[in-house]
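# Fold and contact review
So the chains spell out like this:
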Amino acid sequence: MPDIEQQNPIISFKNVTLSFGNKQVLDGLTFDIYPKEIVTIAGPSGSGKSTILKIISGLLKPDSGEVTINAERFGMAFQYGALFNSMTVKENLSLPLEETTDLSHKEIKKRVQESLKIVELEHTIDMYPSELSGGMQKRISIARALALHPEILLYDEPSTGLDPPTAARLEEDMLKFRDKIGLTSIVVTHDVETIMHVSDRVLILDNGHIVWQGTNEEFRKDESSYPCSFRERKDIKECNK
Ligand SMILES: Nc1ncnc2c1ncn2[C@@H]1O[C@H](COP(=O)(O)OP(=O)(O)O)[C@@H](O)[C@H]1O
Ligand SMILES: [Mg+2]
């Protein structure tokens, strides 16, 4: 884990609020994310996890508070690969590069090969999404995000819908992106296995703000009610012995 004390945050939320109609989703949300760390944001369904990712990627604006982002390029790994079925893997990966960069044909080809290599799916380059398993499609969608050389990668419930070995494989990739290319990752999840496998730090979200945060080790050991309720899959009241 990087020595976070020494660095400026790459993402910083200060007192962020956001309501949909009269439903207050984020209420005084404050947290920092540091370069090259993997932070999981855990919280019950409907607690505002996806909303946070939408604010980071600029799709939503908060009602009040301050959001500072010291990065230019984001990648978003979608819950369902979101690949174009009529296009090959090569075409799926090339398209965003053609649309958003000035890279030459040759450079694009190189980026596509490089990012397929990172997820170890070079052999699928001429295949169509329908020829790939769900887990492979998800890894291709991550390769597509990586081809844009993002500084931050956002994952929304990455292990949902994957069998355990495939989920573990995807999580190994996340660790590799941190260690080999220094990627910062934010992983929204309520899967306790994912939390314990990938997190440098864990933030627990409830009632619109962070109610607990700590390192992976603290998450594993802390007897207080929030980490306990996640680890032991119990209602928060049952953990409040
Ligand atoms: N565009 C929207 N319009 C109205 N309500 C929304 C919208 N997006 C999310 N919500 C509501 O905000 C709350 C948080 O949503 P979300 O961030 O998707 O939660 P999570 O990802 O933690 O399950 C939910 O109650 C959801 O119904
Ligand atoms: Mg969500």
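Throughout, residues of each chain are indexed from 1 in the direction in which the sequence is written. Here chains are named by letter from A upward and ligands by number from 1 upward, in the order in which they appear as written. Residue-level local features of this predicted model are given only where pLDDT is at least 70; pairs of side-chain atoms are given and counted only at 80 or more, and the full residue set underlies all totals for whole chains, interfaces and linings.

### Section: the overall build of the protein
So the rule is basically this: Helix and strand assignments follow DSSP, with helices taken as H or I runs no shorter than four residues and strands as E runs no shorter than two, numbered in order from the N terminus. Each radius of gyration reported is based on C-alpha atoms, and the globular scaling rule is 2.2 Å times the count of residues to the power 0.38. Residues are called buried when their C-beta atom has 20 or more other C-beta atoms within 10 Å, exposed when it has 12 or fewer, and partly exposed otherwise; all C-beta atoms are positioned from the backbone. Contact criterion: two residues are in contact if their C-beta atoms, reconstructed from the backbone, are within 7 Å.
When its secondary structure is counted, the protein shows nine helices and nine strands. For 241 residues, the compact-globule estimate of 2.2 N^0.38 gives 18 Å, and the C-alpha radius of gyration of the protein, at 18 Å, lies within 12% of that figure. A buried classification covers 37% of the 241 residues belonging to the protein. Pairs at least 24 apart in sequence give 68% of the contacts found in the protein among residues at least 6 apart.

### Some words on the domain arrangement of the protein
The condition is simple: Source of the domain bounds: an automatic or database domain assignment.
Domain parsing of the protein yields domain 1 (1-72 + 151-235) and domain 2 (85-150). Each partner contributes to the interface: domain 1 provides nine residues, whereas domain 2 provides eight residues. Listed by contribution, the elements that provide at least two residues to the side of domain 1 that touches domain 2 are strand S6 (152-156) and helix H5 (164-181). At four residues, H5 tops the list of elements feeding residues into the side of domain 1 that touches domain 2.

### Overview of the environment of Ser-229
Relative to the helices and strands, Ser-229 is located in helix H8 (residues 225-231). The exposure class assigned to Ser-229 is buried, which follows from the 20 C-beta atoms found within 10 Å. It is 9.0 Å that separates the C-alpha atoms of Ser-229 and Asn-240, two residues lying eleven residues apart in sequence. Residues contacting Ser-229, with those up to four places away along its chain left out, are Lys-234, Asp-235, Ile-236 and Cys-239.

### Details of the environment of Arg-139
By the element assignment, Arg-139 lies in helix H4 (residues 134-146). Considered as a pair, Arg-139 and Thr-100 are 39 residues apart in the sequence and their alpha carbons are 21 Å apart. Apart from residues no more than four positions distant in its own chain, Arg-139 is found in contact with Val-119, Leu-121, Leu-170 and Asp-173.

### Some details on the pairing of S6
Operational definition: For two strands to count as paired, DSSP must find a minimum of two bridges between them.
Within S6, four of the five residues are buried, which leaves the element mostly enclosed by the surrounding structure. Sheet topology note: the strand S5 (residues 74-77)/S6 ladder contains four bridges and is parallel. Bridging across to S6, Gly-75 finds its partner in Leu-153. As defined by bridge partners, S6 adjoins strand S7 (residues 184-189) across five bridges and the pair is classed as parallel. Bridge pairing in S7 links Tyr-155 to Val-187.

### A closer look at the site of ligand 1
Put simply, the rule reads: Nearness is defined per residue: the C-beta atom, placed using the backbone, must lie within 6 Å of the molecule or strand. Three categories are distinguished: nonpolar for Ala, Val, Leu, Ile, Met, Phe, Trp, Tyr, Cys and Pro, charged for Asp, Glu, Lys and Arg, and polar for the others, with Gly belonging to the last.
Every residue near ligand 1 is listed here: Phe-20, Val-25, Gly-43, Ser-45, Gly-46, Ser-47, Gly-48, Lys-49, Ser-50 and Thr-51. Examining the composition of the shell around ligand 1, we find that three residues originate from one element, helix H1 (residues 49-56), more than from any other. By residue class, the composition of the shell around ligand 1 is two nonpolar, seven polar and one charged.

### Considerations on the sheet that holds strand S3 (residues 38-42)
This is how it is decided: In this analysis an axis means a line fitted to C-alpha atoms, helices contributing only their contacting stretch, and an angle means the value between N-to-C directions, from 0 to 180 degrees.
Judged by pairing direction, the sheet is mixed, and its six strands sit side by side in the order S5-S6-S7-S3-S8-S9 without closing on themselves. The sheet is open, and its two edges are formed by S5 and strand S9 (209-215), each paired on a single side. Within the sheet, the average angular offset between the axes of one strand and its neighbour, ignoring direction, is 20°. One ladder, built from four bridges, connects S3 with strand S8 (residues 201-206); its direction is parallel. Across the sheet, the residue bridging to Ile-41 is Leu-203, located in S8. Across the sheet, H4 is in contact with S5 and S6; its angle to S5 comes to roughly 170°. In this fold H5 packs onto S3, S6 and S7, with an angle of close to 160° to the strand it touches most, S7.

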